[in-house]
Amino acid sequence: MSSVRVLVGTRKGAFILTSDGKRDKWEVSGPHFAGWEIYHLKGSPVDPNRIYASQTSGWFGQIIQRSDDGGKTWHQPGTPAGLAATPGPPKSESNKFAYETSGDAGKPLTTHQWYDGTQHPWEFKRVWHLEPSLSDAETVYAGVEDAALFRSQDGGKNWQELPGLRGHGTGPKWQPGAGGMCLHTIILDPSNPDRIFIAISAAGAFRTDDGGNSWKPINRGLFSKYLPSPTAEIGHCVHHVAMHPQRPNVLFMQKHWDVMRSDDAGDNWKEVSGNLPTDFGFVIDVHAHEPETVYVVPIKSDSEHFPIDGKLQVFRSRSGGNEWEPLTKGLPQKDCYVNVLRDAMAVDRLDQCGIYFGTTGGQVYCSADAGDRWNAIVHDLPAVLSVEVQTLK
Amino acid sequence: MIRVILPFHLRTLAHADTEITLEVTGAITQRSVLDALEARYPMLRGTIRDQTTLQRRPFLRFFACEEDLSHEAPDTPLPEAVASGVEPFLIVGAIAGG
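Since we're looking at a predicted model, the values are computed, not measured. (Residues numbered from 1 in each chain as written. Chains lettered and ligands numbered in written order. Predicted model: local features only at pLDDT ≥ 70, side-chain atom pairs only at ≥ 80, totals over all residues.)

**Focus on the overall build of chain A**
- Per the secondary structure count, chain A includes 0 helices and 29 strands.
- Against the compact-globule benchmark of 21 Å for 393 residues, chain A has a radius of gyration of 20 Å, which places it among compact chains.
- In chain A, which comprises 393 residues, the share counted as buried stands at 53%.
- A separation threshold of at least 6 residues defines the contact pool for chain A, and within that pool the share at least 24 residues apart is 50%. (Helix = DSSP H or I, 4+ residues; strand = E, 2+ residues; numbered from the N terminus. Rg over C-alpha atoms; globule rule 2.2 N^0.38 Å. Buried ≥ 20, exposed ≤ 12 C-beta atoms within 10 Å, placed from the backbone. Contact = placed C-beta atoms within 7 Å.)

**Considerations on the overall build of chain B**
- Looking only at helices and strands, one finds 3 helices and 5 strands in chain B.
- When the elements of chain B are put in sequence order from the N terminus, they spell out β-α-β-α-β-β-α-β.
- C-alpha atoms of chain B, sized along the principal axes, occupy 35 × 25 × 25 Å.
- By residue count, 32% of the 98 residues in chain B fall in the buried class.
- Relative to all contacts within chain B whose residues are 6 or more apart in sequence, the contacts with residues 24 or more apart total 55%.

**Describing the nonpolar core**
- Val8, Tyr356, Val364 and Val387 of chain A together with Val33 of chain B are the most contacted members of the largest nonpolar core, which has 134 residues in total.
- Residue contacts for Val8 of chain A: discarding those within four places in its chain leaves Ala14, Phe15, Leu17, Gly358, Val364, Leu381, Val384 and Val387 of chain A. (Core = buried A, V, L, I, M, F, W, Y, C linked by C-beta atoms within 7 Å.)

**Quick notes on the sheet that holds strand E29 (residues 384-392) of chain A**
All names here are of chain A.
- Taken in spatial order, the 4 strands of this open sheet run E3-E2-E1-E29, and their pairing is antiparallel. Only two strands of the sheet have a single neighbouring strand rather than two, namely strand E3 (27-32) and E29. If you compare each strand with its neighbour and ignore which way they point, the axes differ by 15° on average. (Pairing = 2+ DSSP bridges. Axes fitted to C-alpha atoms, helices over the stretch in contact; angles between N-to-C directions.)

**Points about the environment of Asp351 of chain A**
All names here are of chain A.
- Looking at the secondary structure, you find Asp351 in the loop between strand E25 (345-347) and strand E26 (355-358).
- Asp351 sits in the exposed class, given 8 other C-beta atoms within 10 Å.
- A sequence separation of 349 residues divides Asp351 from Ser2, and the C-alpha atoms of the two residues are 9.9 Å apart.

**Concerning helix H2 (residues 30-40) of chain B**
All names here are of chain B.
- Those residues of H2 lying buried are Gln30, Val33, Leu34, Ala36, Leu37 and Arg40. Take H2 and look down its axis: the buried residues cluster within an arc of 160°, on one side only.
- Packing partners of the buried residues in H2 comprise strand E1 (2-5), strand E2 (19-22), strand E3 (60-64) and strand E5 (89-93). (Arc of directions from axis to C-beta.)

**Focus on the sheet that holds strand E5 (residues 51-57) of chain A**
Residues and elements named next belong to chain A.
- One open sheet accounts for 3 strands, arranged E4-E5-E6; its pairing is antiparallel. The open sheet terminates on both sides in strands that have one partner only, identified here as strand E4 (37-43) and strand E6 (61-67). Each neighbouring strand pair of the sheet contributes to a mean axis angle of 15°, computed without reference to strand direction.
- Here E5 runs beside E6; their pairing, made up of 7 bridges, is antiparallel.

**Side note on the environment of His287 of chain A**
Residue and element names in this part refer to chain A.
- In this structure, His287 sits in the loop between strand E21 (280-286) and strand E22 (294-299).
- The spatial distance from the C-alpha of His287 to the C-alpha of Ala137 is 25 Å, given a sequence separation of 150 residues.
- The contact partners of His287, leaving out residues within four places of it in the chain, are Thr293, Val347, Cys353 and Ala370.

**Let's talk about the confidence of the model for chain A**
- Confidence along chain A averages 93 in pLDDT terms, with 95% of residues attaining 70 or more.
- Low pLDDT, under 50, characterises residues 84-90 of chain A; the predicted model gives this stretch 7 contacts beyond four residues in sequence or across chains. (pLDDT = per-residue confidence, 0-100.)

**Brief notes about the pairing of E29 of chain A**
Residues and elements named next belong to chain A.
- By the criterion of burial, E29 is predominantly enclosed, with 7 of the 9 residues buried.
- Looking at chain direction, strand E1 (residues 3-10) and E29 are connected through 8 bridges and run antiparallel. By the bridge assignment, Val4 is partnered in E29 with Thr391.

**Quick look at unusual backbone geometry**
Residue and element names in this part refer to chain A.
- Here the bond from Glu145 into Asp146 is cis, since omega is -5°, no more than 30 degrees from zero.
- The backbone of Asp335 sits at a positive phi, close to 55°, despite the residue not being glycine.
- Here Asp335 shows up in the loop between strand E24 (325-327) and E25.
- Overall, Asp335 belongs to the exposed group, with 8 C-beta atoms counted inside 10 Å.

**Here's the deal with the environment of Trp74 of chain A**
Residue and element names in this part refer to chain A.
- Summarising the element assignment, Trp74 is placed in the loop between E6 and strand E7 (111-113).
- A sequence separation of 22 residues divides Trp74 from Tyr52, and the C-alpha atoms of the two residues are 9.2 Å apart.
- Apart from the residues lying within four places of it in its own chain, the contact partners of Trp74 are His32, Gln65, Arg66 and Ser67.

**Here we look at the confidence of the model for chain B**
- Residues with a pLDDT of 70 or more make up 97% of chain B, whose mean pLDDT is 93.
- Reported for the predicted complex are a pTM of 0.93 and an ipTM of 0.85.

Written out as structure tokens, the structure is:
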């Protein structure tokens, strides 16, 4: 019988929630890496027992963790726990994210725009998102702050930047938003291994069609009134992007304000906010089997990061946007003032598609019927940063 | 032998006891002690010093003999009491945050 494994990153550790295909009884394991911020965990589609995790701390920096047994045990790639003392240099670079500065990289950049308009050097802070390859369990991409894309091809032991992203020309104009200048979204095109989509706050969305060597901004159609030029090529605060794997040219975006849709792989966008009560929000995702069914969680505004009137509502569109319906059964409809952060929604691939999201109040909600009814799997975790789901046979 | 005391999260990461003893050859300095620590516990690389710049991470401090040595140059000799193993070299996380 199929089962699901929900990978939850929180402010104070990681949690793994497991259930059979009914999704009504859950086992909770964790906290893993107790006390550390876990920005993201994600399993390899090639080998579901291979899970990568971003463990980070304002005190101690960035750690990459890996599990090869579905989250039961973890290690830093290349540095097994309890390694005996040996002379010579450490055996792994698994925590090292060094920006490319060599001339061989094409046009490596050393500065971006700072809050005061001056140029500021790129400074690594943390990994926001890990995206395992669709075809190789040893290959995984990392989106980092300050915004750049890294790749490991040896299971997370060593990381190399794909410098063409920062080097494509607009990099000096990128600037951090309130949450930092982070590369938070990585989408691999299942139909074209050379095509990758990424998104950066607050620079916008970008696409490569040659495996990461060259990139271009894909922000035409976005309108951001907080920019001097609202239709500028870059500078847009994209919060998240989602794609249905069977229709890789169709993208859905939750921007700072506005829910957007592209039918040409990001070349052009149009607004599909429609009847949403507010089109500010962070998460967006697509039903596993219905490419036109999309989910968002509207948040009141960029000044008030909580649901309208204290009512937590997921909105679903079955028409690819514009017409939205509120989904409230099982969700708190009074006195609820949590937020749902950008990487904290996911879907499973069971026949009856399950939808999941986590809140800054520590709840992880599951709907086993595509959003009609919701149950809290857990109520009292630390603030949830990310939610991913693995559908296991 | 040099005695080093790690903060809680780094002990957990390294699967180490509260106090570690290290064999350090040559001059006993912050740099040589941290080099030896990272060689023995490579999982700590980057958690105390930046991987690239080798600068001390801002929210960590180095104490010994009731002195804050955080702002000493990395190659300044540590106190004799540390070099002789009488006093430990403390790596301390700032008390801050939630």
